[in-house]
Amino acid sequence: MAVSALVLYVIFGALGFGWRSWRQYRATGSTGFRGISGRPGSLEWLAGVGFIAAIVVGLAGVALQLGGVLGPIATLTAAPIQAAGFVLAIAGIGATLYAQNEMGESWRIGVDASETTTLVRTGVFGLVRNPIFTAMLVFGAGIALIIPNVVALAAFLLLLVTIELQVRVVEEPYLARVHGASYRDYCATTGRFVPGIGRSAARSRDS
């Protein structure tokens, strides 16, 4: 199972980051990579560092189980649970690529406060505001079920926390500043990660 998890990690990284960055470069002349925001120690900085840490910890969970140093939690090793993990991981990869493609030239890794990108509200972005992050969480949950050791589960929790930070502390303030009433209206009508959940309390009345 650990070998399968490692293969899925490699596929996810190669397609979701490597191939997508290459496509972005071919289309725009930029890889879309904007790095980590904020000063060291700030919530913005912790969100970026935490995302990288979640990937490293997740790979460590795979390596430790592959090397026989760490075993899975026995109650989570039933065949249906691990089968569900495979389904979620593969679905997460596919959904990540699909959402990235839907975002088009506006796709970025990180935020550059000095630039303005198009606010994408169509397709899957009409259902949820952050479908790429939703898909990444689905992938992470799948891996945690395939190799349900304590390190892999901790990696998923770290990924969840850092994605919440990235969205709430970095991306939403940036988009609200850049797109104003249009983004506030979008937040009022569209869920954050799941349809209907995470909408703002009221639609903007700005004209």
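Look above for the structure.
Procedures and definitions
Residue numbers run consecutively from 1 along every chain, following the written order of its sequence. Where totals are concerned, whole chains, interfaces and linings use all residues; where local detail is concerned, this predicted model gives features only for residues with pLDDT of at least 70, and gives and counts side-chain atom pairs only at 80 or more. Derived side-chain values reflect all non-hydrogen atoms in the structure, with water molecules and hydrogen atoms excluded from consideration. Here, a salt bridge means any side-chain nitrogen of Lys or Arg that lies within 4 Å of a carboxyl oxygen of Asp or Glu. Each helix is a run of DSSP H or I of at least 4 residues and each strand a run of E of at least 2, with the numbering of both proceeding from the N terminus. Think of it in three bands: residues with accessible area under 20% of the maximum for their type are buried, residues over 50% are exposed, and the middle band is partly exposed, with areas taken using a 1.4 Å probe on protein chains only. Here the aromatic set is Phe, Tyr and Trp, taking the six-membered ring for Trp, and pairing holds for ring centres within 6.5 Å; pairs whose planes are under 30 degrees apart are stacked, those over 60 apart are edge-to-face, and all others are tilted. Here a polar contact is taken to be a pair of N or O atoms separated by no more than 3.5 Å, where protein atoms must pair a possible hydrogen donor with a possible acceptor and residues adjacent in sequence count only if both atoms sit in side chains. What makes two residues a contact is simply this: any of their non-hydrogen atoms within 4.5 Å. A helix is expected to span 1.5 Å multiplied by its residue count minus one. The quantity called bend is, for any residue, the angle between two axes fitted respectively to the seven residues ending at it and the seven beginning at it. Residues grouped as a nonpolar core are buried Ala, Val, Leu, Ile, Met, Phe, Trp, Tyr and Cys residues, joined through side-chain atoms within 4.5 Å.

Asker: Describe the pattern of salt bridges, with residues and values.
Answerer: Any two side chains of opposite charge can pair, so long as their charged atoms come close to each other. Within the structure shown, the criterion is met by 6 salt bridges. The salt bridge involving Glu115 is made with Arg34; its shortest N-O contact spans 2.8 Å. Of this pair, Glu115 sits in the loop between helix H3 (79–103) and helix H4 (131–146) while Arg34 sits in the loop between helix H1 (2–28) and helix H2 (43–66), and the two are 81 residues apart along the sequence. The class for Arg34 is partly exposed, based on a relative accessible area of 24%. Across the salt bridge formed by Arg108 and Glu115, the nearest N and O atoms sit 3.0 Å from each other. Residue class for Glu115 comes out buried when judged on its relative accessible area of 16%. Through salt bridges that share partners, Arg34, Arg108 and Glu115 make up one connected network.

Asker: So, the packing of aromatic side chains: which residues are in play, and what are the values?
Answerer: Taken as a whole and assessed by the stated rule, the structure comprises 5 aromatic pairs. An angle of 85° between the planes, with centres 5.6 Å apart, marks the rings of Tyr9 and Phe139 as edge-to-face. Of this pair, Tyr9 sits in helix H1 while Phe139 sits in helix H4, placing them 130 residues apart in sequence. For the pair Tyr9 and Phe139, one class covers both residues: buried. Measuring from ring centre to ring centre gives 4.3 Å for Phe12 and Phe139, while their planes differ by 10°; the resulting arrangement is stacked. Separated by 127 residues along the polypeptide, Phe12 in helix H1 and Phe139 in helix H4 bring together distant segments of the chain.

Asker: I'd love a proper account of the side chain of Glu115, names of residues and values included.
Answerer: In terms of polar contacts, Glu115 uses its side chain to reach the side chain of Arg108, at 3.0 Å. Once residues lying within four places of it in the same chain are set aside, the contact partners of Glu115 are Arg34, Arg108, Tyr174 and Val178.

Asker: Please provide a residue-by-residue account of H1, values included.
Answerer: Given a rise of 1.5 Å per residue, 27 residues ought to cover 39 Å, and the 37 Å separating the end C-alpha atoms of H1 matches this to within 8%. By the largest-angle criterion, Ala14 marks the main kink of H1, which is about 30°. Within H1, the full set of buried residues consists of Ala2, Ala5, Leu8, Tyr9, Phe12, Gly16, Arg20, Ser21 and Gln24. On its buried face, H1 sits against H2, H3 and H4. Immediately downstream of H1, the backbone of Gly29 shows phi near 85°, a positive value.

Asker: Report on the nonpolar core, specifying residues and quantitative values.
Answerer: Counting 25 residues, the largest nonpolar core has Leu8, Met136, Phe139, Ile143, Ile146, Ile147 and Ile163 as its most contacted members. Listed by contribution, the elements that provide at least two residues to this core are H1, H2, H3, H4 and helix H5 (150–179). In terms of residue count, H4 provides more of this core than any other element does, 7 residues in total. Contact partners of Phe139, with chain neighbours within four places excluded, come to Leu8, Tyr9, Phe12, Leu88, Ala89, Gly92 and Ile93. Grouped together as the second largest cluster of nonpolar side chains are 10 residues, Val111, Leu119, Phe125 and Tyr183 included.

Note that every value here comes from positions in space, so none of it alone points to a role or purpose.
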